[in-house]
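# Tertiary structure, described
As a plain string of letters, each chain reads:
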Amino acid sequence: MTRKTYTGPIVDVSFDGEVCQHAARCVEGMPSVFNTSERPWINPEHAPDEAAADHLREIVGRCPSGALHIEEH
Ligand code: SF4
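Criteria and cut-off values
Residues numbered from 1 in each chain as written. Predicted model: local features only at pLDDT ≥ 70, side-chain atom pairs only at ≥ 80, totals over all residues. Heavy atoms only, no water. Phe/Tyr/Trp six-rings, centres within 6.5 Å; stacked < 30°, edge-to-face > 60°. Helix = DSSP H or I, 4+ residues; strand = E, 2+ residues; numbered from the N terminus. Buried < 20%, exposed > 50% of the residue type's maximum accessible area, 1.4 Å probe, protein only.

### What about the packing of aromatic side chains?
Following the criterion strictly, the structure yields two aromatic pairs and no others. When the ring of Phe15 is compared with that of Trp41, the centres are 5.0 Å apart and the planes differ by 85 degrees; the resulting orientation is edge-to-face. With Phe15 in strand β2 (residues 11–16) and Trp41 in the loop between α1 (25–29) and α2 (50–61), this pair connects stretches of sequence that are 26 residues apart. In this structure Phe15 comes out as buried when scored by relative accessible area, which is 11%. Residue Trp41 is classed as buried on the basis of its relative accessible area, which comes to 16%. Plain terms: the ring middles of Phe34 and Trp41 are 6.0 Å apart, the flat faces sit at 50 degrees to each other, and that makes the pair tilted. Taking the relative accessible area as the measure of exposure, Phe34 reaches 1% and is therefore buried. Taken together, Phe15, Phe34 and Trp41 form an aromatic cluster joined through their ring pairs.

Keep in mind that these numbers describe shape and distance, not what the molecule does.
Here is the structure:
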């Protein structure tokens, strides 16, 4: 189990790299938050308002592997 949590202002995102299938739906769906050329590559601070947080919830919900989870505050 290697789940790591990334903190944002409205929701946090956790990620388990052992589960990820590298389908890249997160990166394509919300590149401001999921950017593999940045460290950390998940940055929920780029979802600073409710509209962006809703979009983030939707993108995380589309992760096919269950690697991504939303952690509501
Ligand atoms: S959408 Fe899920 S499975 Fe695909 S790359 Fe992102 S975290 Fe990994």
